[in-house]
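Coordinate inspection notes
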Amino acid sequence: MDNFQEDTSNQSYLDYNDTDFDYDLIGPCSPQNNHSVQLVVGPYVHSIICILGLVGNSLVIVTYALYKRTKSMTDVYLLNVAVADLLFVASLPFIVYNELSAWSMGPVACKLLRGSYSVNLYSGMLLLACISTDRYVAIVQVRRSFRLRSLAYSRLICAAVWALAGLLSLPSFYFYSWYQPSHSRDAFIDEKHSNSTAGAEYVCEFRFRYTTEAHTTKVALPSMQLAVGFFLPLLVMVFCYSAIVGKLLRARNFQRHKAVRVVLAVVAVFVVCQLPYNLTLLYDTASMFRLQSCEGADVLQAAKTVTQTLAYLHCCLNPVLYAFVGVKFRNHFRRIVQDLCCLGKRYIRPRRFSRVTSEIYVSSRRSVDGSSENGSSFTM
Amino acid sequence: MVSIKASVMVITLLTICLLATNASPVHHGCCRSYMKNKIPCFKIKGYSVQTVTELCPINAIIFHTGKGKACTNPALNWVMDCVNRLRNKAHIVHMKSTKADI
């Protein structure tokens, strides 16, 4: 306090007395709830999601690559969804690791991981909408389906989806940067107290040049994610699948109930996984620039972490909901397992792997069989 | 066969990586609201600036006091008065030290 003595002489200028300073300080928030949530969810839950997603989606890709040529429009879509989901879960451990370790992998990893996250999110969601449209055309608009459901056409649509996803992700590539936040780095502090400025950690977050740019982009990007990455696919799915269910219920097919159940499962999983996160994101975006208490901000952040993890889970469920539910796909997959077993008898070492795969196969079969045998009509 | 072996290896490695990370998440606490009361300038040891152009959602001047950090509204006059005083003091120190060097 000695170095401030000259200030006390003109203290009257600002009209303070010492009793003014009895209040509790309102300081920067330290997210405690979110912190503990992240510590649990970060390494453990994400590991499980990552493993399930890697196994499920690589099985889909391997099946397509080795046994089942992409013959139909749906095959092309399913393969693309699997690729998008696989890329997504493959980047997940790196994102989690970096969030936990002050982005130790540096600026290139920051841009790449955030950008690819966005590309995979958009492409995955839009492809799910494409699949529902494809099924709508196949079942409801049967007359047009021969013209609209060609292989070249579907490849073109997939290319367009990836291009659109890339385009929508350009702002993420551009604005995410690797830096030390200036409010924890550049503190102007008297020499005697300057030790607290050292060692600011790096983050990978938005950085803008202008305040107006910051205000618009911080609202525009989540809004775009909500609109194109959630509400558009949701609307398309609800429209297409309700038309499909209507048609199926009118049809005289003894397996129609199973097909309806598959449709309901697809929509229900989409809503259960994506709706909580997107509602939280919507609330967060709407209240972003408003003044909040630290407790409120902390709870919101923790809610975002939990619901986001639920949204990640969607990637692991897609292979079961879309690919393994189909009878044809399962038959191809069965051939893989049989071939693997043959290989396993020949070699001693790989036997372990084939057993693991067949266990997964059996469990996925069991979980799916009950719901639908008529899934083939959905994965033609 | 090779691809499955490779993917099992990758999965195992990733899991080990994740589970081995015992680092705690890093937080750059942002100010989410402002002090309602004034802080006497002589209690302030330093300040840092939080801008909306980075990760935080609002602009703020963070005063470092003996009691801890305080978030204040940069739109208020008393806040900028205190900032200017600190700045002036730094300037005076700078002038004195350059004179001493000569």
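Residues numbered from 1 in each chain as written. Chains lettered and ligands numbered in written order. Predicted model: local features only at pLDDT ≥ 70, side-chain atom pairs only at ≥ 80, totals over all residues. Heavy atoms only, no water.

Turning to the state of the cysteines, a few remarks are in order. Scanning the model with the defined rule gives five disulfides over all chains in all. Linked covalently through their sulfurs, A:Cys110 and A:Cys204 form a disulfide whose S-S length is 1.9 Å. The sign of the 80° torsion about the S-S bond sets the A:Cys110-A:Cys204 disulfide as right-handed. Linking A:Cys110 in helix α4 (residues 106-139) with A:Cys204 in strand β3 (residues 203-206), this pair joins segments that are 94 residues apart in sequence. Accessibility assignment for this pair places A:Cys110 and A:Cys204 in one class, buried. The disulfide bridge from B:Cys31 ends at B:Cys71, spanning 2.0 Å between sulfur atoms. Its S-S torsion of about -75° marks the bond between B:Cys31 and B:Cys71 as left-handed, since a negative value means left-handed. (Disulfide = S-S within 2.5 Å. Helix = DSSP H or I, 4+ residues; strand = E, 2+ residues; numbered from the N terminus. Buried < 20%, exposed > 50% of the residue type's maximum accessible area, 1.4 Å probe, protein only.)

Our focus in this paragraph is the nonpolar core. Among the nonpolar cores identified, the biggest contains 81 residues, and A:Ile131, A:Tyr241 and A:Tyr322 are the most heavily contacted of them. Those residues within four positions of A:Ile131 in sequence are excluded, and the remaining contacts are A:Tyr77, A:Leu78, A:Val81, A:Tyr241 and A:Tyr322. Counting 13 residues, the second largest nonpolar core, distinct from the first, contains B:Met35, B:Ile39, B:Ile61 and B:Val83. (Core = buried A, V, L, I, M, F, W, Y, C linked by side-chain atoms within 4.5 Å. Contact = heavy atoms within 4.5 Å.)

Moving on to the packing of helix α3 (residues 73-100) of chain A against helix α6 (residues 151-175) of chain A. All names here are of chain A. Their axes nearest at 8 Å, the elements α3 and α6 cross at an angle of 25°. On the basis of their axis angle, the class for α3 and α6 is roughly parallel. Both α3 and α6 take part in a crossing whose hand is right-handed. Residue-level inspection shows Met 73, Val 76, Tyr 77, Asn 80, Val 83, Ala 84 and Leu 87 of α3 in contact with α6, the latter providing Leu 151, Tyr 153, Ser 154, Arg 155, Ile 157, Cys 158 and Trp 162. Partitioned by chemical class, the residues of the contact of α3 with α6 number 11 nonpolar, two polar and one charged. (Axes fitted to C-alpha atoms, helices over the stretch in contact; angles between N-to-C directions. Parallel < 35°, antiparallel > 145°, perpendicular 65-115°, else oblique. Left-handed = near helix turned anticlockwise from the far one by under 90°. Nonpolar A, V, L, I, M, F, W, Y, C, P; charged D, E, K, R; others polar.)

Residues and elements named next belong to chain A. The sites that carry the UniProt feature "transmembrane region" (unreviewed entry) are, in the present numbering, residues 44-67, 76-97, 117-140, 152-176, 226-246, 258-277 and 309-327. Spanning residues 76-97, this segment combines 100% helix with 0% strand, and its end C-alpha atoms are found 33 Å apart. Secondary structure across residues 309-327 divides into 84% helix and 0% strand, with the first and last C-alpha atoms of the span separated by 30 Å. (UniProt positions renumbered as here; feature names shortened; annotations may be inferred.)

Attention now moves to the pairing of strand β1 (residues 44-50) of chain B. Residues and elements named next belong to chain B. Among the seven residues of β1, six are classified as buried, and the element is accordingly described as predominantly covered. For β1 and strand β2 (residues 60-65), the ladder comprises six bridges, and the chain directions are antiparallel. Looking at β2, one finds that Val 49 is bridged to Ile 61. (Pairing = 2+ DSSP bridges.)

With that out of the way, let us pick up the confidence of the model for chain A. Residues and elements named next belong to chain A. Per-residue confidence for chain A gives a mean pLDDT of 80; residues scoring 70 or more make up 80%. Mean pLDDT across the elements of chain A ranges from a minimum in helix α12 (residues 351-369), with 38, to a maximum in helix α8 (residues 211-250), with 93. This model gives residues 1-19 a pLDDT under 50, and the stretch forms 32 contacts once residues within four places in sequence are excluded. (pLDDT = per-residue confidence, 0-100.)

Looking at chain B as a whole, its pLDDT mean stands at 79, while 71% of the residues score no less than 70. Counting contacts from residues 21-25 of chain B, a segment whose pLDDT is below 50, to residues more than four positions away or on other chains yields 12 contacts.

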